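Residue strings, one per chain:
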Amino acid sequence: MLRELVESGILAADEADHVFAKLQAEDQPVSSDAFAAELLKQGKLTSYQAESVQQGSASQLIFGEYLILDELGRGGMGVVYKALHRRMQREVALKVLTDDALKRPQGFERFQREVRAAARLVHPNVVTCHDAGEDDGVEYLVMEFVEGEDLHHAVRAGGPMSIVETIDCIAQAANGLEYAHREG
């Protein structure tokens, strides 16, 4: 596991050696679970990454130039991850098209339309698209990562919003939709 983390670029060799030596010095068994737990504790892995490492899936945390940090959601077309562009050190939302979506009639074309439409939209109420492409046969779309929770989760956690907050949310969504509609 240690070698896989270093070879994949998830962890620098000196960081891995330091954590390994710390565990040995504390006379702890250096199991993959203990190693992943220590990396999590030191902030060198996210919970999602630590779980992937423990499952032996560390190599799946690298997607081209991106390091997968967390899974944000799943839908009919793909999986959206929080990721880090390794060279630019920029957090992004990375949408990866699933094999199932590609197998469906018009799945690939629908994704391509989404990519082209997203590329044309630059507006404060629309998430910005940074890049799109294919890596090892997997289609992807890279978008601006917006910190926070979505409206659905905010209402579930905090209960009904005030009239003023509701109107503000509706106005923001309407402005973004109006702009997207004008752009075709």
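Residues numbered from 1 in each chain as written. Predicted model: local features only at pLDDT ≥ 70, side-chain atom pairs only at ≥ 80, totals over all residues. Heavy atoms only, no water.

**Brief notes about the packing of helix α3 (residues 32-41) against helix α4 (residues 47-54)**
Direction vectors running N to C along α3 and α4 enclose 165 degrees, while the axes themselves pass 9 Å from each other. With respect to α4, the element α3 is oriented roughly antiparallel. Of the two possible hands of crossing, α3 and α4 adopt the one that is right-handed. Between α3, through Ser-32, Asp-33, Ala-36 and Leu-40, and α4, the contact on the second element is made entirely by Ser-47, Ala-50, Val-53 and Gln-54. Split into classes, the residues belonging to the contact of α3 with α4 amount to four nonpolar, three polar and one charged. (Axes fitted to C-alpha atoms, helices over the stretch in contact; angles between N-to-C directions. Helix = DSSP H or I, 4+ residues; strand = E, 2+ residues; numbered from the N terminus. Parallel < 35°, antiparallel > 145°, perpendicular 65-115°, else oblique. Left-handed = near helix turned anticlockwise from the far one by under 90°. Contact = heavy atoms within 4.5 Å. Nonpolar A, V, L, I, M, F, W, Y, C, P; charged D, E, K, R; others polar.)

**What about the side chain of Glu-139?**
Position of Glu-139 relative to the elements: it lies in strand β6 (residues 138-144). Arg-116 provides the closest opposite charge to the buried, unpaired Glu-139, separated from it by 9.4 Å. Among the polar contacts made by the side chain of Glu-139, one reaches the side chain of Gln-112 at a distance of 3.4 Å. Filtering out sequence-adjacent residues up to four positions away, Glu-139 remains in contact with Lys-95, Val-96, Leu-97, Phe-108, Phe-111, Gln-112, Gly-133 and Glu-134. (Buried < 20%, exposed > 50% of the residue type's maximum accessible area, 1.4 Å probe, protein only. Lys, Arg positive; Asp, Glu negative; His and termini not counted. Salt bridge = Lys/Arg side-chain N within 4 Å of Asp/Glu carboxyl O. Polar contact = N/O pair within 3.5 Å; in protein donor to acceptor, adjacent residues only side chain to side chain.)

**A closer look at the pairing of β6**
The buried fraction of β6 amounts to five of the seven residues, a majority that puts the element mostly inside the structure. Pairing between strand β4 (residues 90-97) and β6: five bridges, direction antiparallel. Directly across from Leu-94, in β6, lies its bridge partner Val-142. Note: strand β5 (residues 129-135) against β6, six bridges, orientation antiparallel. Within the sheet, the bridge partner assigned to Glu-134 lies in β6 and is Glu-139. Counted between consecutive antiparallel strands, the loop separating β5 from β6 contains two residues, among which Asp-136 sits at a positive phi close to 55 degrees. (Pairing = 2+ DSSP bridges.)

**What to know about the pairing of strand β3 (residues 78-85)**
Within β3, seven of the eight residues are buried, leaving the element largely enclosed by the surrounding structure. Between strand β2 (residues 66-74) and the antiparallel strand that follows it, β3, lie three residues. Strand direction decides the pairing type here: β3 and β4, joined by eight bridges, are antiparallel. Considered in β4, the bridge of Lys-82 is made with Ala-93.

**What to know about the pattern of salt bridges**
Per the stated rule, a full pass over the model turns up six salt bridges. Salt-bridge contacts for Glu-71 lead to Arg-74; the nearest nitrogen and oxygen are separated by 2.9 Å. Judged by relative accessible area, which is 25%, Glu-71 ranks as partly exposed.

**Structural notes on the environment of Ser-57**
In this fold, Ser-57 is placed in the loop between α4 and β1 (62-63). According to the relative accessible area criterion, Ser-57 is buried, its value standing at 17%. Put simply, Ser-57 and Gly-78 are 21 residues apart on the chain and 19 Å apart in space, counted from C-alpha to C-alpha.

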